[in-house]
Amino acid sequence: MAPLYETTTDLTLDMYIKVYDRGPKRAYSTAVGIIGLFYILRIVSGLLKGNYFGDVFIPLIIIAFIFGLDFAGSRQLKSNYRAYEQCQSSLISYRFYDDHYETETKSTKTKASYGGILKITENDEFFCIYLSNTYFDIVEKRNCSFELEDFIRSLKK
């Protein structure tokens with residue numbers, strides 16, 4: 001059976017990071033920003049009051065911890081990308097059929113039913129087709145026809 005649509009995605013580390021930055025990290029960064037602002041105000045207040053331990057030292061430790069988590073998260077993201085051999089700067093081919101789609105790299109070929117799609121997110125550069133909370137396929141829009149973009153949007157639940 002011939003596919004309805006075909007496209008490719010060149011999954012680089014930059015794109016992998018961009019997907020993460022536009023999804024989970026955006027919500028995390030907003031929360032960290034609000035918490036950080038609260039602690040900075042508390043530090044300034046502590047300096048003005050002279051309460052260096054409770055209002056300056058402890059918030060500084062908390063801020064350092066938060067930034068340490070962010071740094072560790074970035075390192076983990078890069079480590080995950082490097083550990084996932086099939087996507088390291090590889091061209092991923094997508095073929096969309098009536099009831100499923102297939103992905104193919106130089107080393108693997110997978111098939112996913114449209115009924116198994118958890119959700120689809122979209123921005124101006126790509127679609128993320130989630131098959132679980134932690135696994136998703138990235139489809140670059142610049143390589144998609146308008147018909148394929150509409151088809152992928154129609155798969156949203």
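Structural data are supplied above this passage.
Here's a quick rundown of the structure.

Thresholds applied
- Residues numbered from 1 in each chain as written.
- Predicted model: local features only at pLDDT ≥ 70, side-chain atom pairs only at ≥ 80, totals over all residues.
- Heavy atoms only, no water.
- Phe/Tyr/Trp six-rings, centres within 6.5 Å; stacked < 30°, edge-to-face > 60°.
- Helix = DSSP H or I, 4+ residues; strand = E, 2+ residues; numbered from the N terminus.
- Buried < 20%, exposed > 50% of the residue type's maximum accessible area, 1.4 Å probe, protein only.
- Lys NZ or Arg CZ within 6 Å of the ring centre and 35° of its normal.
- Pairing = 2+ DSSP bridges.
- Axes fitted to C-alpha atoms, helices over the stretch in contact; angles between N-to-C directions.
- Contact = heavy atoms within 4.5 Å.
- Core = buried A, V, L, I, M, F, W, Y, C linked by side-chain atoms within 4.5 Å.

## Thoughts on the packing of aromatic side chains
In this structure the tally under the stated criterion is 7 aromatic pairs. Note on F96 and F151: the rings are 6.3 Å apart at their centroids and 75° apart in plane angle, and the pair reads as edge-to-face. One end of the pair, F96, is in strand β2 (residues 90-96); the other, F151, is in helix α4 (residues 146-154), with 55 residues separating them in the sequence. No difference in accessibility class separates F96 from F151, as the two residues are buried. Between Y130 and F136 the ring centres are 4.9 Å apart and the planes differ by 45°, which places this aromatic pair in the tilted class. Ring pairing ties together the aromatic residues Y5, Y94, F96, Y101, Y114 and F151, which thus form one cluster. It is K119 that lies over the ring of Y130; its NZ or CZ is 4.7 Å from the centre. Above the ring of F127, the side-chain terminus of K141 is found at 5.0 Å from the ring centroid.

## Quick word on the sheet that holds strand β5 (residues 119-122)
The strand order β5-β6-β7 describes an open sheet built from 3 strands, whose pairing is antiparallel. Two strands in the sheet have a free side with no partner beyond their single neighbour: β5 and β7 (136-140). Between one strand axis and the next, the sheet turns through 20° on average, direction left out of account. Strand direction decides the pairing type here: β5 and strand β6 (residues 126-130), joined by 4 bridges, are antiparallel. Bridge pairing in β6 places T121 opposite C128. Contacts from α4 reach β5, β6 and β7, with the element oriented near 35° to β6.

## Digging into the nonpolar core
Among the nonpolar cores identified, the biggest contains 23 residues, and F96, Y101 and V139 are the most heavily contacted of them. Where this core is concerned, the elements lending two or more residues are α1 (13-22), β2, β6, β7 and α4. Considering every element that reaches this core, the biggest residue donor is β6, with 5 residues. For F96, the contacting residues outside a window of four places in its chain are P3, L4, Y5, T7, Y101, Y114, I129, V139, L148, F151 and I152.

Taken by themselves, the reported measurements are silent on function.
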